[in-house]
Amino acid sequence: MTLGISPQAPGQVRRRVAAGAAAAFLGLAVAFGSGMGTPASADAATFSGIILGVGANEAQRTVTWYSSADTAQKVQLAPNAKLVNGEFPADAATFDAVGGANIATSGGFNRHVTITNLQENTAYSYRVGAEGSWSPTYSFKTRDFDGDYDFLFLGDPQIGSSGDVPKDRAGWQDTLDVALAANPDSELLVSGGDQVETANTESQWDAFLAPDKLRQYPWAATIGNHDVGGKAYEQHFTIPNSDRSAPLYSNGNPNSNASGGDYWFIYKDVLFIDINSNSYATSQGGGGDTAHVAYVTDVINQHGSEAKWKVLVYHHAIYSPASHAKDSDNKVRRVDFPTTFSKLGVDLVLQGHDHVYSRSYLIKNSEKANPDEQPGAAEVYPGPGGVLYITANSASGSKYYDITKPDNSGTSGAGNGADPLNPNSYWYNSAQNQEHVRTYVKVGVRKDKLVVENIRSGTCAAPNAAVERGLSCTNTPEGQPVGSLVDKVTIHPYNGDGQALQVNVPGAPPGEFGWTIDGYNGLVDLGTAKDHDGDYFGTTGKINPIVVSDNRRALAPWSISASVSDFNDAGKTFSGAYLGWTPQVLEDGAGAQASGAVPSAYDDRGQGLSVSRGLGWAGQGHPKGKAKLGADLDLKIPGSVEKGGYRATLTITALSS
């Protein structure tokens, strides 16, 4: 009578799993079960408009798409390393999609998912659809979940505004190609709003969504005034921590054919808050700026301490120098917002709408924080309440606005008066530029500063739709080529009245959880079973001890379990249920506890060890260390079983979270 322990191998058997990987295994196991239960019924569905979005944190992404059919769909996800010849593994994670019929004139259906539990520094592949009907496969990569990083801020693609969608698309594609070729490790693409010219025109959305970079880098969407007049914006983008309540819609009606809402997320050391600036006055029907101020205040009060930097994003640039500088609605926002932003400790505000690049002076309570700050200063020190405002130029070249002149309406609040230090500029602007070439803004998030750069992604040459269609261009490619800087400023944080202290703490090793069979994985020989008055044959023994080690920082729960196969001798067999055991902790450590005894099925007509049974376990918060587990075996075989030399395999499973 013999018993083998699986997996069998000569010498010592070692099973070791990093804590993070073990946790992932558990998480995925749940997801697989859910996904496999979804009917594969998307036979005729086709998929379009696939876009990767930001999640609530670094470990999440969203995926949104259009579908031709209203069928059950999902996202399938796996690390690139697990794909073989482009095929997803059988254990690929799945995330069931939700969505519905498109309200916009496009017809069709929209779907979206939130991908969770992503691991650091991992390249993933994903696709949308269902068994037998998948989209092409796309990839993205995660980075360190803390530390320095860069993101790109892209202003007003506004595809269609030049009157030539293909040219607008070409410029948009080229900016993404140029910017990400120069900055391939950028981790987010942040929108300045106005993705398209006409809210519900899907040919414009198709052009906006055409670049595959939007399926590789997460897009943090911002709603512009050209996006708000339909539901396509909400159908194309999934946003985390969203608040789509009535006050955050310009018309106060989320159920209308309009888009709106505010949202926030934290990515590493930055709390991003994105608001729908189309709602600014209660006379429109919504909550206006008052509702946004309340929203931003609540989010910062609740989550501001979770990040080092606070960055607001909204479409309407309140401190810009071009065609929208003197708009009456912007003058309202210029009164409503700045004092609150200063009070809440906002560091940076990113905006679009005016299709021109500008960098404000540090603004505190609607006034220039430091009257002595010089135009174009390379380093700025906000002090308490100083906020920097950036306006992004066109990222597609579809439309540019020219810089306008200040007036005599004042040098604070809603005024558009001249800068005493630079009379040709508005009082609030430190730097401004308009050459009629495409640019993008790169923001470097560092532990002790924010570095903001405006960078050319084009010249006067095509693709540059507005220039191709007759607009003048003042760029000099020999001196201002693609990739050259328009402006750069470093924002140093305010450290209070005392001296700031900083220390870097290196990441401690996560530790490991593992188990091994103690010593040689020898056969457990239960000898020759003895007859008990013709009723049953019985024998006993002990498993080879199992050594469990756990030095993880998380001190997460673990458990060891096992099940036995049927006993076989050529064509003869009897059930493994006749094997029972009594687990024991042979050496204390790692918080180990012995699981309960399991009787032979001969005694209780149960399932014995034919099903998975616990050998030992430890709860959350257990001490680090090493333990040795064992078990006394009790095999009782019915007297009807034929004579033979039977073998079975004991399969051991370790779980940790």
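1. Considerations on the overall build of the chain
Right, on to step 1. The helix and strand tally for the chain stands at nine helices and 42 strands.
Right, on to step 2. Along the first, second and third principal axes, the C-alpha set of the chain runs to 110 × 65 × 50 Å.
Right, on to step 3. Out of the 657 residues in the chain, the part that is buried amounts to 55%.
Right, on to step 4. Residue pairs in contact within the chain that sit at least 24 positions apart in sequence constitute 75% of those at least 6 positions apart.

2. Overview of helix H5 (residues 288-303)
Note that an α-helix has 3.6 residues per turn; residues three or four places apart therefore point the same way.
Right, on to step 1. Look at H5: 23 Å from first C-alpha to last across 16 residues, which is about the 22 Å you get at 1.5 Å a residue.
Right, on to step 2. For H5, the complete set of buried residues consists of Gly288, Asp289, Ala291, His292, Val293, Tyr295, Val296, Val299, Ile300 and His303.
Right, on to step 3. Looking at the buried positions of H5, the neighbouring elements they touch are strand S15 (263-267), strand S16 (270-274), strand S17 (309-316), helix H6 (328-336) and helix H7 (338-343).

3. Quick notes on the pairing of strand S29 (residues 485-491)
Right, on to step 1. As defined by bridge partners, strand S22 (residues 379-380) adjoins S29 across two bridges and the pair is classed as parallel. In the sheet register, Glu379 faces S29, and the bridge partner there is Thr490.
Right, on to step 2. Sheet topology note: the strand S28 (residues 449-456)/S29 ladder contains six bridges and is antiparallel. Of the residues in S29, the one forming a bridge with Val452 is Val489.

4. A look at the nonpolar core
Right, on to step 1. Grouped together as the largest cluster of nonpolar side chains are 34 residues, with contacts concentrated most on Ile546, Trp558, Ile560 and Trp581.
Right, on to step 2. Going through the elements one at a time, strand S30 (512-517), strand S34 (546-550), strand S35 (558-564), strand S38 (579-587), strand S40 (613-618), strand S41 (625-638) and strand S42 (647-656) are the ones with two or more residues in this core.
Right, on to step 3. A total of six residues in this core trace back to one element, the largest contributor, which is S41.
Right, on to step 4. What Ile546 contacts, discounting residues up to four positions off in sequence, is Trp515, Thr516, Ile517, Leu615, Ala627, Lys628, Leu629 and Ile652.
Right, on to step 5. Among the nonpolar cores identified, the runner-up in size contains 32 residues, and Val54, Leu188, Ala377 and Val380 belong to it.

5. Structural notes on the state of the cysteines
A covalent bond between the sulfur atoms of two cysteines is referred to as a disulfide.
Right, on to step 1. Scanning all chains against the criterion turns up one disulfide.
Right, on to step 2. The disulfide partner of Cys460 is Cys473, and the gap between their sulfur atoms is 2.0 Å. Measuring the twist about the S-S bond at about -85 degrees, one finds the Cys460-Cys473 disulfide to be left-handed. Of the two residues, Cys460 sits in the loop between S28 and helix H8 (465-468) while Cys473 sits in the loop between H8 and S29, which places them 13 residues apart along the sequence.

6. Regarding the pattern of salt bridges
Right, on to step 1. The final tally for this structure, using the stated rule, is 24 salt bridges.
Right, on to step 2. Lys636 is paired through a salt bridge with Asp603; the nearest N and O atoms lie 3.1 Å apart. Residue Lys636 is located in strand S41, and its partner Asp603 is located in helix H9 (residues 601-604); the two are separated by 33 residues in the primary sequence.
Right, on to step 3. Its relative accessible area of 17% is what places Lys636 among the buried residues.
Right, on to step 4. Relative accessible area serves as the criterion here: at 42%, Asp603 is assigned to the partly exposed category.

7. Comments concerning the packing of aromatic side chains
The geometry of an aromatic ring pair is captured by two quantities: the separation of the ring centres and the angle between the planes.
Right, on to step 1. Summed over the entire model, instances satisfying the criterion amount to 27 aromatic pairs.
Right, on to step 2. Taking 4.7 Å as the distance between ring centres and 80 degrees as the angle between the ring planes, the aromatic pair formed by Tyr319 and Tyr389 counts as edge-to-face. Residue Tyr319 is found in the loop between S17 and H6, and its partner Tyr389 is found in strand S23 (residues 388-391); the two are separated by 70 residues along the sequence. In terms of burial, Tyr319 and Tyr389 fall into one category: buried.
Right, on to step 3. Through a chain of ring-to-ring contacts, the aromatic side chains of Tyr149, Phe151, Tyr263, Phe265, Tyr267 and Phe272 assemble into a single cluster.
Right, on to step 4. Stacked on the ring of Tyr138, the Lys or Arg Arg215 has its end atom at 5.5 Å from the ring centre.

8. Observations regarding the sheet that holds S23
Right, on to step 1. Taking strand neighbours across the sheet as the criterion, the seven strands line up as S15-S16-S17-S18-S23-S19-S26 in an open arrangement whose pairing is mixed. With one partner strand each, in any of the chains shown, S15 and strand S26 (429-433) form the two edges of the open sheet. Neighbour-to-neighbour, the strand axes of this sheet turn through a mean angle of 15 degrees, independent of strand direction.
Right, on to step 2. The pairing of strand S18 (residues 348-352) with S23 spans four bridges and is classified as parallel. Bridging across to S23, Leu348 finds its partner in Leu388.
Right, on to step 3. On top of the sheet, H5 reaches S15, S16 and S17; it is set at about 160 degrees to S16, its chief contact.

9. Things to note about the pairing of strand S13 (residues 188-191)
Right, on to step 1. Judged by which residues are buried, S13 turns out to be covered on both faces: Leu188 and Val190 on one side and Leu189 and Ser191 on the other are all buried.
Right, on to step 2. Bridge count for strand S12 (residues 149-154) against S13 is four bridges, and the pairing is parallel. Of the residues in S13, the one forming a bridge with Leu152 is Leu189.
Right, on to step 3. Each parallel crossover has a hand, and the one from S12 via helix H2 (residues 165-182) to S13 is right-handed.
Right, on to step 4. Where S13 lies against strand S14 (residues 219-220), two bridges are found, and the strand directions are parallel. Bridged to Leu189 within S14 is Trp219.

10. A closer look at the environment of Lys326
Right, on to step 1. Following the sequence through the fold, Lys326 ends up in the loop between S17 and H6.
Right, on to step 2. Residue class for Lys326 comes out partly exposed when judged on its relative accessible area of 36%.
Right, on to step 3. For the pair Lys326 and Ser409, spaced 83 residues apart in sequence, the C-alpha to C-alpha distance is 10.0 Å.
Right, on to step 4. For Lys326, the side chain forms a polar contact with the main-chain oxygen of Lys405, separated by 2.8 Å.

11. Details of the side chain of Asp150
Right, on to step 1. Topologically, Asp150 is positioned in strand S12.
Right, on to step 2. Looking at Asp150, its side chain comes within polar contact range of the side chain of Arg446, at 2.9 Å.
Right, on to step 3. Not counting residues up to four positions away in its chain, the partners in contact with Asp150 are Ser186, Glu187, Leu188, Lys442, Val443, Gly444, Val445 and Arg446.

12. Some details on H2
Right, on to step 1. Taking 1.5 Å per residue, 18 residues should reach 26 Å; H2 reaches 26 Å between its end C-alpha atoms and fits that length.
Right, on to step 2. Every buried residue belonging to H2 is among Asp168, Gly171, Trp172, Thr175, Leu176, Ala179 and Leu180, and all of these are buried. The arc enclosing the buried residues of H2, seen along the axis, measures out at 145 degrees, which places them on a common side. More than 90 degrees from the buried face of H2, the exposed residues found are Pro166, Ala181 and Ala182.
Right, on to step 3. The inward-facing, buried residues of H2 abut S12, S13, helix H3 (202-208), S14, strand S27 (439-446) and H8.
Right, on to step 4. Capping the start of H2 is the job of one residue whose side-chain oxygen sits 3.2 Å from the backbone nitrogen of Lys167: Asp164.

What counts, and at which threshold
- Residues numbered from 1 in each chain as written.
- Predicted model: local features only at pLDDT ≥ 70, side-chain atom pairs only at ≥ 80, totals over all residues.
- Heavy atoms only, no water.
- Helix = DSSP H or I, 4+ residues; strand = E, 2+ residues; numbered from the N terminus.
- Buried < 20%, exposed > 50% of the residue type's maximum accessible area, 1.4 Å probe, protein only.
- Contact = heavy atoms within 4.5 Å.
- Expected span 1.5 Å × (residues − 1).
- Pairing = 2+ DSSP bridges.
- Core = buried A, V, L, I, M, F, W, Y, C linked by side-chain atoms within 4.5 Å.
- Disulfide = S-S within 2.5 Å.
- Salt bridge = Lys/Arg side-chain N within 4 Å of Asp/Glu carboxyl O.
- Phe/Tyr/Trp six-rings, centres within 6.5 Å; stacked < 30°, edge-to-face > 60°.
- Lys NZ or Arg CZ within 6 Å of the ring centre and 35° of its normal.
- Axes fitted to C-alpha atoms, helices over the stretch in contact; angles between N-to-C directions.
- Right-handed = clockwise from strand over helix to strand, strands pointing away.
- Polar contact = N/O pair within 3.5 Å; in protein donor to acceptor, adjacent residues only side chain to side chain.
- Arc of directions from axis to C-beta.

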